[in-house]
Amino acid sequence: IFTGFLKRLRGRGCVMKPEGDLSIKNIKRFYDDLKDELERGSEIVVDLSNVKRVDLAAVQVIIAAGKSAAKLKKVLRLTGVSGDVKRLFRLSGMKL
């Protein structure tokens, strides 16, 4: 699912670009990579343009990562979010 980092953001962080489905079946690896990057950089961009499906587990991980980033005074941004995924985030109480 995870293709690695597309690019480093001039020492500030990175762009992560998962592919396929983000679901309970593979969320552990995504979570671990996201957590590592939150510790390492000040800005993490998660590009979801190649993600076909997101389940509630993935939404919960991304919401928790956003809260952790805010506490650490870091930035977590989402890009490439499809309409269906936006709707799921909104239903979970997250504004995009």
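Everything numeric here is computed off the predicted structure, so don't read it as measured data.

How each quantity is defined
- Residues numbered from 1 in each chain as written.
- Predicted model: local features only at pLDDT ≥ 70, side-chain atom pairs only at ≥ 80, totals over all residues.
- Heavy atoms only, no water.
- 1 Å grid on protein atoms, 1.4 Å probe; cavity = no way out; pocket = protein on both sides within 12 Å on 5 of 7 lines; lining within 4 Å.
- Points joined across faces, edges and corners; volume = space filled by probe spheres on them.
- Helix = DSSP H or I, 4+ residues; strand = E, 2+ residues; numbered from the N terminus.
- Nonpolar A, V, L, I, M, F, W, Y, C, P; charged D, E, K, R; others polar.

Draft legend 1. Up close: the layout of surface pockets. A volume near 150 Å³ is recorded for the largest pocket. If you go around the largest pocket, the residues you meet are Tyr31, Leu34, Lys35, Leu38, Glu39, Val61, Ala64, Ala65, Ser68 and Leu72. Elements represented by at least two residues in the lining of the largest pocket include exactly α1 (27-40) and α2 (56-71). Element by element, the count of residues in the lining of the largest pocket is highest for α1, at 5 residues. Considered class by class, the residues forming the lining of the largest pocket number 7 nonpolar, 1 polar and 2 charged.

Interpretation in functional terms is not warranted from these geometric data alone.
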